[in-house]
Amino acid sequence: MSTINLHMTTRRAILGIAALLSVAAAPLAAATDDDSFFTHLHTEKAMANVTVSPGRAGPVEIAIQLETTDETPLTAKAVSVTLVDTQSGRKLAPVEASRDGEDGWRVKLAQLTPGRWMLGLGISISEADHVSIESPILIK
């Protein structure tokens, strides 16, 4: 095999690999391009994975997945969400989340303004066991 043919074969292989990598990377880039905001909240009794979609001003949906501290699904009786604008101190009325599966809950809000907010969760595990947990979130 001549040196020219070897270089052409190597060049084609490199271009083919580059093309495959660009195709494989495209879905991943699209999947992370939705501006969602994620936070993990943790206490001695419960954990919550919270995703605010989209993480920008306007109507948003908050998805909450509850877990025990052993990272198993936590079945709660009720979950409420409170939001306080940390700049102005304005507090939105608490919203009761609706159940979405065994350990999932959802809240839809008509309008959030940009800025830093304190997100609070009120989790009723049983009639006598309640957990309150909060974390700052950023809305673009």
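What counts as what
- Residues numbered from 1 in each chain as written.
- Predicted model: local features only at pLDDT ≥ 70, side-chain atom pairs only at ≥ 80, totals over all residues.
- Heavy atoms only, no water.
- Helix = DSSP H or I, 4+ residues; strand = E, 2+ residues; numbered from the N terminus.
- Buried < 20%, exposed > 50% of the residue type's maximum accessible area, 1.4 Å probe, protein only.
- Contact = heavy atoms within 4.5 Å.
- Areas by Shrake-Rupley, 256 points an atom, 1.4 Å probe, with all protein chains shown as cover.
- pLDDT = per-residue confidence, 0-100.
- Pairing = 2+ DSSP bridges.
- Core = buried A, V, L, I, M, F, W, Y, C linked by side-chain atoms within 4.5 Å.

Engineer: Explain the overall build of the protein chain to me, using residue names and the numbers behind them.
Structural biologist: Check the secondary structure of the protein chain and you find one helix and nine strands. Starting at the N terminus and ending at the C terminus, the protein chain contains elements arranged as α-β-β-β-β-β-β-β-β-β. Burial statistics for the protein chain: of 140 residues in total, 32% are counted as buried. Contacts spanning at least 24 positions in sequence make up 50% of the contacts within the protein chain whose residues lie at least 6 apart. Surface exposure of the protein chain reaches about 8800 Å², of which carbon and sulfur atoms provide 58%.

Engineer: How would you summarise the confidence of the model for the protein chain if you had to cite specific residues and measurements?
Structural biologist: Here the protein chain averages 81 in pLDDT, while 76% of its residues score no lower than 70. pLDDT under 50 marks residues 2-33. Its contacts with residues more than four places away, or in other chains, come to two contacts.

Engineer: Describe the sheet that holds strand β4 (residues 78-85), naming the residues involved and giving the relevant values.
Structural biologist: With antiparallel pairing, the four strands of this open sheet are ordered in space as β5-β4-β8-β9. With partners counted over all chains shown, the strands left at the sheet margins are β5 (95-96) and β9 (130-139), one partner each.

Engineer: Provide a residue-level description of the nonpolar core, including the pertinent values.
Structural biologist: Within the largest apolar cluster, 28 residues are counted, with the highest numbers of intra-cluster contacts made by Ile62, Ile64, Leu66, Leu83 and Leu121. Counting residues per element, the ones that place at least two in this core are β2 (47-53), β3 (58-67), β4, β7 (104-112), β8 (115-124) and β9.

Engineer: Provide a residue-level description of the sheet that holds strand β6 (residues 98-99), including the pertinent values.
Structural biologist: One open sheet accounts for five strands, arranged β1-β2-β3-β7-β6; its pairing is antiparallel. Of all strands in the sheet, those with a lone pairing partner are β1 (37-42) and β6, marking the two edges. Looking at chain direction, β1 and β2 are connected through six bridges and run antiparallel. Within β2, the position partnered with phenylalanine 38 by the bridge is threonine 51.

Engineer: Explain the environment of isoleucine 62 to me, and be specific about the residues and the numbers.
Structural biologist: One can find isoleucine 62 in strand β3. According to the relative accessible area criterion, isoleucine 62 is buried, its value standing at 0%. With residues near it in sequence (within four places) discarded, isoleucine 62 still touches Val50, Thr51, Val52, Val81, Leu83, Trp105, Arg106, Val107, Leu109 and Leu119.

Engineer: How would you explain the pairing of β4 if you had to name every residue and give the values?
Structural biologist: For β4 and β8, the ladder comprises eight bridges, and the chain directions are antiparallel. Paired with leucine 83 across the strands is leucine 119, a residue of β8. Here β4 pairs with β5 via two bridges, running antiparallel. Counted as the bridge partner of serine 80 is glutamate 96 from β5.

Engineer: So what's going on with the environment of isoleucine 137? Residues and values would help.
Structural biologist: Mapped onto the fold, isoleucine 137 is located in strand β9. Taking the C-alpha atoms as reference points, isoleucine 137 and valine 50, separated by 87 residues in sequence, lie 10.0 Å from one another. Not counting the four nearest positions on each side in its chain, isoleucine 137 is found in contact with Phe37, Thr39, Val52, Leu83, Gly115, Arg116, Trp117 and Leu119.

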